[in-house]
Structures are given as C-alpha cells and as structure tokens.
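# Chain and residue survey
Below are the chains, spelled out letter by letter.
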Amino acid sequence: MLHYSSNKRTMNNLESYPPILRHHHHHHQSPESDPNESNNDLIDDVAQDSGLDPSPVPVIDLECLEQEKEGFEEACKDWGLFRLVNHGIPLTLLKELQEQAKELFSMPYETKHDTCNESASPITYFWGTPALTPTGTALNRGPKNFNWVEGFDVPLGQLSKFQPHLPTLDSIRLLLMEYERHLSRIATTIFKAMIKNLDLNNNNNNNNNMMNHSEECSPSYVSRETGMVRMYRYPPCTDTSIGWGMEVHTDSSVLSILNQDDHVSALQFLKDDQWLTVKPLSNTLIVNLGDMMQAISNDRYKSVQHRVRVNKERERISICYFVFPAEDAVIESPNYKPFTYNQFREQVQQDIKALGYKVGLPRFKHSQHF
Ligand SMILES: O=C(O)CCC(=O)C(=O)O
Ligand SMILES: [Fe+2]
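Here is what the cut-offs are and how they apply
Residues numbered from 1 in each chain as written. Chains lettered and ligands numbered in written order. Predicted model: local features only at pLDDT ≥ 70, side-chain atom pairs only at ≥ 80, totals over all residues. Helix = DSSP H or I, 4+ residues; strand = E, 2+ residues; numbered from the N terminus. Buried ≥ 20, exposed ≤ 12 C-beta atoms within 10 Å, placed from the backbone. Contact = placed C-beta atoms within 7 Å. Near = placed C-beta within 6 Å. Nonpolar A, V, L, I, M, F, W, Y, C, P; charged D, E, K, R; others polar. UniProt positions renumbered as here; feature names shortened; annotations may be inferred. Pairing = 2+ DSSP bridges. Axes fitted to C-alpha atoms, helices over the stretch in contact; angles between N-to-C directions.

### Examining the overall build of the chain
- On a plain count of helices and strands, the chain comes out with 9 helices and 14 strands.
- Relative to its full complement of 370 residues, the chain shows a buried share of 35%.
- Across the chain, contacts joining residues at least 24 apart in sequence account for 75% of those joining residues at least 6 apart.

What follows is the structure in structure tokens.
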C-alpha cells in the first residue's frame, strides 16, 4: 500500500512540474556531473542529520530583542540575515502549511495553471522566474535567466475577499490568513526594535513613517495591506549546471521571513565575499533584510545577497513572507533621494525589461554608481 502510493506520488510529480522543468528529472546520475558538487550535497545531508547548524548564522530570540541587543545589531549590520527562534508560531501551523503547499504543488501542472488564471483570482501561478509584474504575470528575461522554480504569488491583503474553487487552494488560503497574523506581529516587533536601535525616531523628527508621537509603530513602513507570500517549489534537477533555483538577488522588501523545507538545504547567502549555506532547522524561521530596510537605515543595515541552489534528488518547498512599506510611505534618508516603494518597484521592472536584471538601490542614491 505504502509502495503504491509513493509510486503514485512520483508519477503525479512529473505531471505536476511545468513541462519545461521536466527534462532533467531522472534518477540516475548524469555522467558529466561534477563529483565535488555531489560531495557537497552529501556533507550537507550529514550535517543536517546530526541536527547541528554548521554555518554560523546568527540566532535571534524574538523574546529577547532588547536583552540581546548587541547580537541583534550585529546580525542586521554585518549579516543581513538571521535565524529566528521563539517566534510564537505553533509548529503545527508551520508544518501544516508545508504539507498543504506540497499537496497544492503536486497537482497537475494544467490544474495549477488554469486555476490561477481565472480572472478573479488574486493568487497567480508562475514558473521559470520569480520576477513578476504587479498583476502577477512573469517578466520574461530570456532563456539565460531561467530559474528552476515554480510558485504561487499571494497578495495577503486580498485573501479575505476571495474564495477559490479548488479546495486545496481554499484550505491554504485559510491557513495563510492565520499565518499572516503571526508574521505581521513578528515583522512589526522586529522592525520596532530595529528603529529603536538605529535611533531613527529622534533623528528624523519630521518623518512620521517610523513611529508616530504616541510611540506606536506606524503601519507605514510595515504595511499589512501590501504584504505578500510566495510559495515556491524547486523541482530536482540532475544537471545542476543548468543554473539556479533562484539566481543571486536582494529582496526589495523591508523584511522577508522564510519558512523552509526541513529536509533540503539550498539557500545560500553572501557574507564577507563567501557563500554560506543556511541549513534548514525545524521550528526556526529565516529572516532577511531587504532593500527598503537598507534604505530606511541609511545603509547601516544591509540587504543581503542570496540565491537558491538546485538539488539533484529532492524537490524543495519554501514559503516566503515579504513585508513592504504602505503605498504612500516616502522613504527619506540622507544617502537617498526620497522615494516610495511603488517608484522603486516601477524602476526594478523597467530595468529587468531593458537590461535583464535589477539595479535596485543604486538607482535612488544621491550619487549614482552603477
Ligand atoms: O526559496 C528560498 O529559500 C528563497 C526565496 C527568495 O529568496 C525570494 O523569494 O526572494
Ligand atoms: Fe530572496
């Protein structure tokens, strides 16, 4: 019985991949594959099994942001990425989301494609690139920039107004609404602590976007309405020279919070010119700082460069939450010309279309070097 269902799952899986992501899915090792690569995979797996975290990613306790201020500051300044513990999200919710996302992705490709192309659906389905237009269609960047990934784009502000026909998508919608409540709480807590450490309230008296006078965190820079979730599946690919699950980039968000598959390590980030791998560890979240946070902090904090490797044998699921400033929130800091997130996004889209890549923050600096 077990055997039967696991065979069935494998078969479904192949049908569930977008046609263009099916070619390199076979179980035997390809002769040209680089032996060092496969060794690395093995080492990762051993490290994972031992339960240790061999890469020195800073660990931040959400309950102790003030007490452990120094470590938190260092993580924001020197790393741009940290592992979050004590986040208060029930482990059952994290696991349920992973399970439901896996089930959704394992549906036939056509089903996923058609469901999300219903005109009323704010959730869109894409593959081959994480770069989308505001309406959710993929920005075509040519075959060179093809990424080994498929995903769903979920604008969180619209979830309560919409009921998908597909039952799996609807149950995921309900889970995501619950998840969003936790994530906006977490993002606000982290952002408040950052603003306090950066001492921005005192320095920018005329800037209402950080906190307002009653010491309440204003929603302007961490807006619930514009938040989004991306669910990704990275199919396995025997030929890892094909490229990246997701090529190197920085996030445009204020903060990104990642709930990743417990089994496959693939996310890498740049630290002092070295690529380090983030090991998946159960019941932890990965938080990374995005471009908006770097600008808000006037470059004291850093939007970390990261990328996702393809895995030879196993698919990987990740669920990423991104928080952005409100539409009308103007980012003002000494190194930058004042700009809104919409202007930033518009510029990114233009650059991707014209140049094939995102220029990002340098476009908005007083002195432009790019
Ligand atoms: O899937 C991941 O681990 C990271 C995804 C990512 O970097 C992104 O969506 O910006
Ligand atoms: Fe990213």
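### Considering the site of ligand 1
- Neighbouring ligand 1 are the residues Pro130, Arg230, Tyr232, Met246, Asp251, Leu258, Gln260, Leu267, His306, Val308, Ser318 and Cys320.
- Mapped onto the shell around ligand 1, the elements with two or more residues apiece are β5 (223-234), β7 (255-260), β11 (306-308) and β12 (316-324).
- Class assignment of the residues belonging to the shell around ligand 1 gives a composition of 7 nonpolar, 3 polar and 2 charged.

### Brief notes about the environment of Ile20
- When you line up the elements, Ile20 lands in the loop between α1 (2-16) and α2 (35-49).
- Separated by 128 residues in sequence, Ile20 and Trp148 place their C-alpha atoms 9.2 Å apart.

### Points about the UniProt feature "domain: Fe2OG dioxygenase" (unreviewed entry) in the chain
- Listed under "domain: Fe2OG dioxygenase" (unreviewed entry) in the UniProt record, and renumbered for this structure, are residues 225-325.
- Between the end C-alpha atoms of residues 225-325 the distance is 9 Å, and the span holds 6% helix and 46% strand.

### Concerning the sheet that holds β5
- Read across the open sheet, the 8 strands follow the order β1-β2-β10-β7-β12-β5-β4-β3; overall the sheet is mixed. Since the sheet does not close on itself, it has two edges, and those belong to β1 (59-61) and β3 (124-127), each with one partner. Taking each pair of neighbouring strands and ignoring which way they run, the sheet shows an average axis angle of 25°.
- Of the strand pairs in this sheet, strand β4 (residues 150-155) and β5 are connected by 6 bridges, and their pairing is antiparallel. Of the residues in β5, the one forming a bridge with Gly151 is Tyr232.
- With respect to the sheet, helix α6 (residues 167-198) is in contact with β4, β5, β7, β10 (285-289) and β12, its orientation differing from that of β7 by roughly 135°.

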